[in-house]
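Summary of the model geometry
Read off the chains here:
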Amino acid sequence: PPHAQVQEATSGMTSKWKILKLAKGYQGRSNCIRVARQQVERALQHAYKDRRLKKRDSRSNWIQSINAGAREYGMTYSTLMSGLAKDNIQLDRKSLSALSVHEPLSFRSIVEHVKRMSGTK
């Protein structure tokens with residue numbers, strides 16, 4: 001008796017299609033599932049790692065701009081941050097950086113306040 005014709009399993013193909021779609025535009029043989037799977041896996045690893053590096057770089061940039069702003073008014077970053085902690089002023093580095101760049105007068109008043117409270121000139 002003749003066998004019934006069966007369609008391919010779509011569930012197995014959808015995962016392959018997903019990977020090939022993610023690998024679209026990559027260099028090399030990205031239409032070959034084995035190569036595409038390796039490329040996509042490597043790309044996702046880099047994306048995961050770089051999302052964390054982005055946070056690290058942002059924090060570093062905030063600290064640099066706070067330090068530059070504080071030094072304009074005769075104070076270092078570390079003394080400013082320790083003075084803010086002692087005075088219980090809870091401003092995070094992101095907002096302090098924005099103040100030092102976009103609102104220098106407000107930032108200056110914060111630095112002057114820390115100087116008054118710590119007793120340094």
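In this convention, every chain numbers its residues from 1, walking through the sequence in written order. Given that this is a predicted model, residues contribute local features only at a pLDDT of at least 70 and side-chain atom pairs are listed and counted only at 80 or more, while totals for whole chains, interfaces and linings are drawn from all residues. Only heavy atoms go into the side-chain values, all of them from the structure, while hydrogens and water stay out.

1. A closer look at the overall build of the protein chain
As a reminder, the rule being used: Strands here mean DSSP runs of E at least two residues long; helices mean DSSP runs of H or I at least four residues long; both are numbered from the N terminus. Radius of gyration: C-alpha atoms only; globule rule: 2.2 Å multiplied by the number of residues to the exponent 0.38. Note on classification: 1.4 Å probe, protein chains only; a residue is buried when its accessible area is under 20% of the maximum for its type, exposed when over 50%, partly exposed between these limits. In what follows, residue pairs with any heavy atoms lying within 4.5 Å of each other are defined as contacts. His is not counted, nor are the chain ends, whereas Lys and Arg count as positive and Asp and Glu as negative. Charge positions come from single atoms, namely NZ of Lys, CZ of Arg, CG of Asp or CD of Glu.
A tally of helices and strands in the protein chain yields 5 helices and 0 strands. In the protein chain, the succession of helices and strands from N to C terminus is α-α-α-α-α. On C-alpha atoms alone, the protein chain measures out to a radius of gyration of 28 Å, which is more than a quarter above the 14 Å that the 2.2 N^0.38 rule sets for 121 residues. Taking all 121 residues of the protein chain together, the buried fraction comes to 21%. Long-range contacts, defined here as pairs at least 24 residues apart, represent 46% of the contacts in the protein chain between residues at least 6 apart. Between the centroid of the 23 positive side chains of the protein chain and the centroid of its 9 negative side chains there is a distance of 7 Å.

2. A few points about helix 3 (residues 77-86)
Filter applied, for reference: Here the arc refers to the directions that run from the helix axis out to each C-beta atom.
By the burial criterion, the buried members of helix 3 are Tyr77, Leu80, Met81, Gly83 and Leu84. One side of helix 3 holds all its buried residues, which, seen down the axis, span an arc of 160°. Relative to its buried face, helix 3 has exposed residues pointing more than 90 degrees away, namely Ala85 and Lys86.

3. Considerations on the environment of Lys21
Topologically, Lys21 is positioned in helix 1 (residues 10-22). Considered as a pair, Lys21 and Asn61 are 40 residues apart in the sequence and their alpha carbons are 35 Å apart.

4. Observations concerning the environment of Tyr73
Among the structural elements, Tyr73 can be located in the loop between helix 2 (33-72) and helix 3. Counting along the chain gives 34 residues from Tyr73 to Phe107, while the straight-line C-alpha distance between them is 9.6 Å. Setting aside residues up to four positions removed in sequence, Tyr73 forms contacts with Pro104, Phe107, Arg108, Val111 and Lys115.

5. Structural notes on the environment of Leu99
The topology assignment puts Leu99 in helix 4 (residues 93-102). Setting aside its immediate chain neighbours within four residues, Leu99 contacts Leu91, Pro104, Ser106, Phe107 and Ile110.

6. A short note on the packing of helix 4 against helix 5 (residues 104-118)
Note the cut-off: Whenever a helix is involved, its axis is fitted only over the stretch in contact; in every case the axis is a line through C-alpha atoms, and angles between N-to-C directions fall within 0 to 180 degrees. Roughly parallel here means an angle under 35 degrees, roughly antiparallel means over 145, roughly perpendicular means 65 to 115, and every remaining angle is called oblique. For this classification, the nonpolar set comprises Ala, Val, Leu, Ile, Met, Phe, Trp, Tyr, Cys and Pro, the charged set comprises Asp, Glu, Lys and Arg, and every other residue, Gly included, is treated as polar.
It is at 6 Å that the axes of helix 4 and helix 5 come closest, and there the two elements cross at 120°. Relative to helix 5, helix 4 is oriented oblique. Between helix 4 and helix 5, the residues in contact are Leu96, Leu99, Ser100, Val101 and His102 and Pro104, Ser106, Phe107 and Ile110, respectively. Counted by class, the contact of helix 4 with helix 5 contains 6 nonpolar, 3 polar and no charged residues.

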